[in-house]
Amino acid sequence: MPSFDVVSEVDRQELKNAIDQAQRELANRFDFKNTDSSIEQKDLVLTLRTASEDRLRALKLLLEEKLVKRQVSLKGLDWGKIEPASGESVRQIVT
C-alpha cells in the first residue's frame, strides 16, 4: 500500500525576498523614521529591533504582510517574547 510523508519546509529564497521587501519599506516609511528599526536574518532566525513595543507590533505586521504576499505560511513562525534591548529599544526573536 503506498504511503506518503507530509513535509513542511520554508522556501528560504521567498523568505529572504520578503525580508528584503520589508526592509526597503521600513527605510521609506515615515512612522519608522528615527526609530532604529531593523530586521536581521541568520539562517531561519529573524530578529526584529525597534524603539518601542507599538513600533514592534507595526514592524511585525509589516513583515507578516510581506510574507503573505510571497506565499510564505505564517503558521511556520514562532514569535518569541518581546525583550528589552540596549537603551530603550525592544527586540523579538522569530524562528
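Structural data are supplied above this passage.
My aim in this report is to walk through the structure given alongside it, one point at a time. (Residues numbered from 1 in each chain as written. Predicted model: local features only at pLDDT ≥ 70, side-chain atom pairs only at ≥ 80, totals over all residues. Heavy atoms only, no water.)

**Some thoughts on the sheet that holds strand β3 (residues 79–84)**
Within a sheet, adjacent strands bond to each other through the backbone by hydrogen bonds, running parallel or antiparallel. The 4 strands lie next to each other as β1-β2-β4-β3, forming an open sheet whose pairing is antiparallel. Two strands close off the open sheet at either side, each with one partner strand: β1 (38–42) and β3. Geometrically, the sheet is characterised by an average inter-axis angle of 20° between neighbouring strands, direction not taken into account. Bridge count for strand β2 (residues 45–50) against strand β4 (residues 90–94) is 5 bridges, and the pairing is antiparallel. Pairing of Thr50 across the sheet is with Val90, part of β4. (Pairing = 2+ DSSP bridges. Helix = DSSP H or I, 4+ residues; strand = E, 2+ residues; numbered from the N terminus. Axes fitted to C-alpha atoms, helices over the stretch in contact; angles between N-to-C directions.)

**Describing unusual backbone geometry**
At Asn34, a position not held by glycine, the phi torsion is positive, near 60°. Position of Asn34 among the secondary structure elements: in the loop between α1 (12–28) and β1. Relative accessible area serves as the criterion here: at 81%, Asn34 is assigned to the exposed category. We note that Gln71 has phi near 60°; this positive angle belongs to a residue other than glycine. Within the secondary structure, Gln71 is located in the loop between α2 (53–69) and β3. (Buried < 20%, exposed > 50% of the residue type's maximum accessible area, 1.4 Å probe, protein only.)

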